[in-house]
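Single-letter residue listing:
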Amino acid sequence: GAGVSQSPSNKVTEKGKDVELRCDPISGHTALYWYRQRLGQGLEFLIYFQGNSAPDKSGLPSDRFSAERTGESVSTLTIQRTQQEDSAVYLCASTPLGQGTEAFFGQGTRLTVV
Amino acid sequence: GQQVMQIPQYQHVQEGEDFTTYCNSSTTLSNIQWYKQRPGGHPVFLIQLVKSGEVKKQKRLTFQFGEAKKNSSLHITATQTTDVGTYFCAGDTGRRALTFGSGTRLQVQP
């Protein structure tokens, strides 16, 4: 596609429910990042996929968070047993060669846990 | 772990005034990138600096990378209302994912 696509754009869920967020990177981009951005805050790194290497999961805040990526295509971020503090915009970005190259961001998924 | 600090958090200027944001990394970087996020939008890449002491210009924007490759700055000359947004630096050590600074939110009063 023309850019990084994320879905859904907005998600409201009840506390305790699981949610799945999707990211379609730009075709051919080998690296994919997930970031979390709370209202008025910076970008908090969650996880990084680069080709077939083991993902860098060092930013995942708890074991309720997990992410998968199939090859160099779609990635899903799953949050289990959502809590109110999980409310944020979840941003996905992809880069053509991984480190040292420009990151292209999607529009984000705004998650609200009520 | 690597930390990237950015100051100030917020700056309010009159249109036509200059603006500067500063970025400092706890570790030496292989490169640094700058992004702009408009209100309600997503971060958009502005520029990448790679060389020690490098200075790059984009119209009214001037970007610098420190000699030690641990700090950087973005300077905007004669701000305009279109400059409103949050400016993020992002440090790349070449070993892991980009680490973003906390951002500087710029408000420009017409």
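The structure under discussion appears in the preceding block.
The model shown is predicted, which means the values in this text are computed figures rather than measured ones.

Q: Looking at this structure, how should I read the overall build of chain B?
A: Along its length, chain B carries 0 helices and 11 strands. Each helix (α) and strand (β) of chain B, taken in turn from the N terminus, gives the series β-β-β-β-β-β-β-β-β-β-β. In terms of C-alpha radius of gyration, chain B reaches 13 Å, essentially the compact-globule figure of 13 Å for 110 residues. Dimensions along the principal axes, computed over C-alpha positions, put chain B at roughly 40 × 25 × 20 Å. Considering chain B as a whole, with its 110 residues, one finds that 50% of them fall into the buried category. Considering only contacts in chain B between residues 6 or more positions apart, those separated by 24 or more positions represent 54%. Carbon and sulfur atoms make up 49% of the accessible area of chain B, which amounts to about 5200 Å² in all. Side-chain charges of chain B comprise 12 positive and 7 negative groups, with the mean position of each set lying 8 Å from the other.

Q: Got a minute to help me understand the overall build of chain A in this structure?
A: Per the secondary structure count, chain A includes 0 helices and 10 strands. Each principal axis of the C-alpha distribution contributes one length, and for chain A these read about 40 × 25 × 25 Å. Within the structure as shown, chain A displays about 5400 Å² of accessible surface, and the carbon and sulfur contribution to it stands at 46%. Side chains of chain A give 11 positive and 12 negative charges; the mean places of these two sets differ by 5 Å.

Q: Teacher, can you tell me more about the interface of chain B and chain A here?
A: Put simply, an interface is often sized by how much accessible area is lost when its parts join up. Contacts between the two partners involve 18 residues from chain B and, on the opposite side, 19 residues from chain A. Each partner contributes to the roughly 1500 Å² buried at the junction of chain B and chain A, and carbon and sulfur atoms together form 53% of this total. Per-residue buried area on chain B facing chain A is highest for B:H42, B:R96 and B:F100; these three make up 33% of the total on that side. One can count 0 salt bridges joining chain B with chain A.

Q: Explain the packing of aromatic side chains to me, please; I cannot follow it from the model alone.
A: For any two aromatic rings, the description comes down to two numbers: the centre-to-centre distance and the angle of the planes. Enumeration according to the criterion identifies 12 aromatic pairs over all chains in this entry. With 5.9 Å between their ring centres and 75 degrees between their planes, A:F105 and B:F100 make a pair best called edge-to-face. Here A:F105, found in strand 9 (residues 104-105), pairs with B:F100, found in strand 10 (residues 99-100), and the two come from separate chains. Since its relative accessible area comes to 7%, B:F100 is described here as buried.

Q: Sorry, what's going on with the sheet that holds strand 1 (residues 4-7) of chain B here?
A: Note on sheets: strands pair through backbone hydrogen bonds, and any given pair is parallel or antiparallel. Residues and elements named next belong to chain B. One open sheet accounts for 5 strands, arranged 1-3-8-7-6; its pairing is antiparallel. Strands with a single pairing partner mark the edges of an open sheet, and in this sheet they are strand 1 and strand 6 (55-58). Across the sheet, the mean angle separating the axes of adjacent strands is 15 degrees when strand polarity is ignored. Across 4 bridges, strand 6 lies against strand 7 (residues 61-65) in antiparallel orientation.

Q: I tried to follow the layout of surface pockets on my own but got confused; where do I start?
A: The rolling of a water-molecule-sized probe over the atoms marks out the regions of remaining empty space. Space inside the largest pocket adds up to approximately 740 Å³. What lines the largest pocket is a set of 33 residues, and nearest its centre among them are A:Q37, A:L39, A:G40, A:Q41 and B:Q37. Contributing elements (two or more residues each) for the lining of the largest pocket: strand 8 (88-95) and strand 10 (109-113) of chain A together with strand 9 (85-92) and strand 11 (104-109) of chain B. One number sums up the size of the second largest pocket: a volume of about 280 Å³. Taken together, 16 residues line the second largest pocket, and the ones lying closest to its centre are A:L43, A:E44, A:F45, B:T99 and B:F100. Elements with a minimum of two residues in the lining of the second largest pocket: strand 5 (44-50) of chain A together with strand 10 of chain B. Of the residues belonging to the lining of the second largest pocket, the class tally is 6 nonpolar, 8 polar and 2 charged.

Q: Where do I start with the pattern of salt bridges in this structure?
A: Should their charged atoms come close, side chains of opposite charge can pair. In total, this model carries 7 salt bridges over all chains according to the counting rule given. A salt bridge links B:D83 to B:R60; the nearest nitrogen and oxygen atoms lie 2.9 Å apart. Placement of the pair is B:D83 in the loop between strand 8 (71-76) and strand 9 and B:R60 in the loop between strand 6 and strand 7, with a sequence separation of 23 residues. Put simply, A:R36, A:R38 and A:E44 are held in one network by salt bridges that share partners.

Analysis parameters
- Residues numbered from 1 in each chain as written.
- Chains lettered and ligands numbered in written order.
- Predicted model: local features only at pLDDT ≥ 70, side-chain atom pairs only at ≥ 80, totals over all residues.
- Heavy atoms only, no water.
- Helix = DSSP H or I, 4+ residues; strand = E, 2+ residues; numbered from the N terminus.
- Rg over C-alpha atoms; globule rule 2.2 N^0.38 Å.
- Buried < 20%, exposed > 50% of the residue type's maximum accessible area, 1.4 Å probe, protein only.
- Contact = heavy atoms within 4.5 Å.
- Areas by Shrake-Rupley, 256 points an atom, 1.4 Å probe, with all protein chains shown as cover.
- Lys, Arg positive; Asp, Glu negative; His and termini not counted.
- Charge placed at Lys NZ, Arg CZ, Asp CG, Glu CD.
- Buried area = accessible area lost by both parts, 1.4 Å probe.
- Salt bridge = Lys/Arg side-chain N within 4 Å of Asp/Glu carboxyl O.
- Phe/Tyr/Trp six-rings, centres within 6.5 Å; stacked < 30°, edge-to-face > 60°.
- Pairing = 2+ DSSP bridges.
- Axes fitted to C-alpha atoms, helices over the stretch in contact; angles between N-to-C directions.
- 1 Å grid on protein atoms, 1.4 Å probe; cavity = no way out; pocket = protein on both sides within 12 Å on 5 of 7 lines; lining within 4 Å.
- Points joined across faces, edges and corners; volume = space filled by probe spheres on them.
- Nonpolar A, V, L, I, M, F, W, Y, C, P; charged D, E, K, R; others polar.

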